[in-house]
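If you want the building blocks of each chain, they are given just below.
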Amino acid sequence: MSAEEAARLPHLLTRVDALRDAFPGDAEAAVQAAWIRAHYADEQPPTLNLITLLLFEHGVHRSADQVSQDLAILREES
């Protein structure tokens, strides 16, 4: 994790509880990754590492490689 990611993480983690009920837990992996990216974007979208950590905070256990593949699917569909 980069220093920039580490600096952003505490703020993002404070939002997890407020967003927990809205998280699409039954959705496909790519949809969940897109949801995290959209709902945790402040001035910039979260990085792959931050998306992976935020997914974990929402109870989804995927590796960064898997999340990267999910995001690639989203790019292809766009």
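This text goes with the structure placed above it.
In this report, we go over the structure that sits alongside the text. Residue numbers run consecutively from 1 along every chain, following the written order of its sequence. Where local features are concerned, this predicted model is filtered to residues with pLDDT of at least 70; where side-chain atom pairs are given and counted, the filter is 80 or more; whole-chain, interface and lining totals use all residues. Hydrogens are left out, water is left out, and the side-chain values use all remaining heavy atoms of the structure.

Here we look at the packing of aromatic side chains
1) Next: Aromatic contacts are taken between Phe, Tyr and Trp rings whose centres are within 6.5 Å, Trp giving its six-membered ring; a plane angle under 30 degrees counts as stacked, one over 60 as edge-to-face, and the others as tilted. All chains considered together, the criterion is met by 2 aromatic pairs.
2) Next: Note on Phe23 and Trp35: the rings are 5.3 Å apart at their centroids and 80° apart in plane angle, and the pair reads as edge-to-face. Separated by 12 residues along the polypeptide, Phe23 in the loop between helix 2 (16–19) and helix 3 (29–39) and Trp35 in helix 3 bring together distant segments of the chain.
3) Next: Judged by relative accessible area, Phe23 falls into the buried class, the value being 10%.
4) Next: Chaining the aromatic ring pairs together yields one cluster made of Phe23, Trp35 and Tyr40. To qualify as a helix, a DSSP run of H or I must reach at least 4 residues; to qualify as a strand, a run of E must reach at least 2; elements of each kind are numbered from the N terminus. Burial classes follow relative accessibility: with a 1.4 Å probe on protein chains only, a residue under 20% of its type's maximum area counts as buried, one over 50% as exposed, and anything between as partly exposed.

What to know about the pattern of salt bridges
1) Next: Here, a salt bridge means any side-chain nitrogen of Lys or Arg that lies within 4 Å of a carboxyl oxygen of Asp or Glu. What the rule picks out here adds up to 3 salt bridges.
2) Next: Taking the shortest distance from any N to any O, the salt bridge between Arg20 and Asp17 comes out at 3.0 Å.
3) Next: Assessed through its relative accessible area of 35%, Arg20 is described here as partly exposed.
4) Next: Residue Arg62 pairs with Asp70 through a salt bridge whose shortest N-O separation is 4.0 Å.

Note that every value here comes from positions in space, so none of it alone points to a role or purpose.
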